[in-house]
Amino acid sequence: MGVLYLIRHGQASFGAKDYDKLSDVGVEQARVLGEALRARLPRVDAVVTGTMLRHRETADACLQAMGQSLEPVRTAGFNEFDHEEVVQRHTPRYADFAVLREELAAMKDPRRAYQDLFTQAVGRWVAGGHDSEYRESWSAFKARCLEALSVLVASLGPSRTALVFTSGGPITAISQDLLGIPDEHAFRTNWTLANCGITKVIYSERGRYLSTLNEHGHFEGEHRALITYR
């Protein structure tokens, strides 16, 4: 059987001007992940990333810690959905990011407030009643992620091992498909995905199967402070 390790990127820079760049914690998460993978994966046949900066930086730090010199193949199929647009369609005044930042700053717990807002915004997007308002609907996003997975499996061939550095959205869409989870419950998985967690998919001529979901034991014990979710 072939194996795909879907890796969620390290912690991004929440609240910063460039969210896409890894935080210092995110870089350290990727390094610790790489050390763990070096011990368990003596051979990696391919490395794939989305085209976002946080995907590339996570891959670079992880591969360096693994001692791997493989050049990642970049594909937009594994990119995250546009979370800013999803929020703005739900609350149009947040098209001005300064308004969102100002309102969050006035909250007692800005991270929790944003998570509540984001949960509601994603619920609207996934429900499908406003698809024409989005550049990429939830159904189109799912199709794009599953197509990227199919193309990767076909290009690898049998009994190969690949690392895929991506985001929580694609991991959610792929896991939902493999487990047959209804749309309205899909993001219950997403909210618990840890940064630099591993979701393992095995494939063969018989099909594709979810082996593990959101594995992040490499951060337990002495590295427990590195467990983050956004």
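Scroll up for the structure.
Residues numbered from 1 in each chain as written. Predicted model: local features only at pLDDT ≥ 70, side-chain atom pairs only at ≥ 80, totals over all residues. Heavy atoms only, no water.

What is the right way to look at the pattern of salt bridges in this model?
Applying the stated criterion across every chain, the model contains 13 salt bridges. Asp-45 serves as the salt-bridge partner of Arg-160, at 3.7 Å between the closest nitrogen and oxygen. A residue pair is termed long-range when its members are at least 10 positions apart, and Arg-160 in the loop between helix H6 (138-156) and strand S4 (161-166) and Asp-45 in the loop between helix H1 (24-40) and strand S2 (46-49) qualify at 115 residues. By relative accessible area, which is 19% here, Asp-45 ends up buried. (Salt bridge = Lys/Arg side-chain N within 4 Å of Asp/Glu carboxyl O. Helix = DSSP H or I, 4+ residues; strand = E, 2+ residues; numbered from the N terminus. Buried < 20%, exposed > 50% of the residue type's maximum accessible area, 1.4 Å probe, protein only.)

Teacher, can you tell me more about the packing of aromatic side chains here?
What describes a pair of aromatic rings is the distance from one ring centre to the other and the angle between the planes of the rings. Summed over all chains, the structure comprises 12 aromatic pairs. Consider the rings of Phe-81 and Trp-125, whose centres lie 4.5 Å apart with planes at 35°: the pair is tilted. Here Phe-81 is found in the loop between strand S3 (73-74) and helix H3 (83-90), whereas its partner Trp-125 is found in helix H5 (residues 110-127), with 44 residues between them in sequence. Of the residues examined, Trp-125 reaches a relative accessible area of 1% and is grouped as buried. Ring plane angle 70° and centroid distance 6.5 Å describe the contact between Trp-125 and Phe-187, whose orientation is recorded as edge-to-face. Highlighted residues: Trp-125 in helix H5 and Phe-187 in helix H8 (residues 187-190), separated in sequence by 62 residues. Comparing Trp-125 with Phe-187 shows no difference in burial state: the two are buried. The rings of Phe-81, Tyr-114, Phe-118, Trp-125, Trp-138, Phe-141, Phe-187 and Trp-191 are connected pair by pair, giving a single aromatic cluster. (Phe/Tyr/Trp six-rings, centres within 6.5 Å; stacked < 30°, edge-to-face > 60°.)

Hey, could you run me through the side chain of Asp-45 in this one?
Of the polar contacts made by the side chain of Asp-45, one reaches the side chain of Arg-43; its length is 3.1 Å. Setting aside anything within four residues of it in sequence, one finds Asp-45 in contact with Leu-70, Ser-159, Arg-160 and Thr-161. (Polar contact = N/O pair within 3.5 Å; in protein donor to acceptor, adjacent residues only side chain to side chain. Contact = heavy atoms within 4.5 Å.)

Mind showing me how you'd approach the environment of Glu-136 here?
One can find Glu-136 in the loop between H5 and H6. Judged by relative accessible area, which is 23%, Glu-136 ranks as partly exposed. Spatially, the C-alpha atoms of Glu-136 and Trp-125 are 9.6 Å apart, while their sequence positions differ by 11 residues.

Hey, could you run me through the sheet that holds S2 in this one?
Pairing between the strands of a sheet is mediated by backbone hydrogen bonds and can be parallel or antiparallel. The strand order across the open sheet formed by 6 strands is S3-S2-S4-S1-S5-S6, and the pairing between neighbours is mixed. Of all strands in the sheet, those with a lone pairing partner are S3 and strand S6 (207-215), marking the two edges. In this structure, strand S5 (residues 198-204) lies alongside S6, joined through 6 bridges in antiparallel fashion. Bridge pairing in S6 links Tyr-203 to Arg-208. Lying on the sheet, helix H2 (residues 53-66) is in contact with S2, S3 and S4; it crosses S4 at an angle near 140°. The sheet contacts of H6 involve strand S1 (2-8), S2, S4, S5 and S6, and relative to S1 the element is tilted by about 140°. (Pairing = 2+ DSSP bridges. Axes fitted to C-alpha atoms, helices over the stretch in contact; angles between N-to-C directions.)

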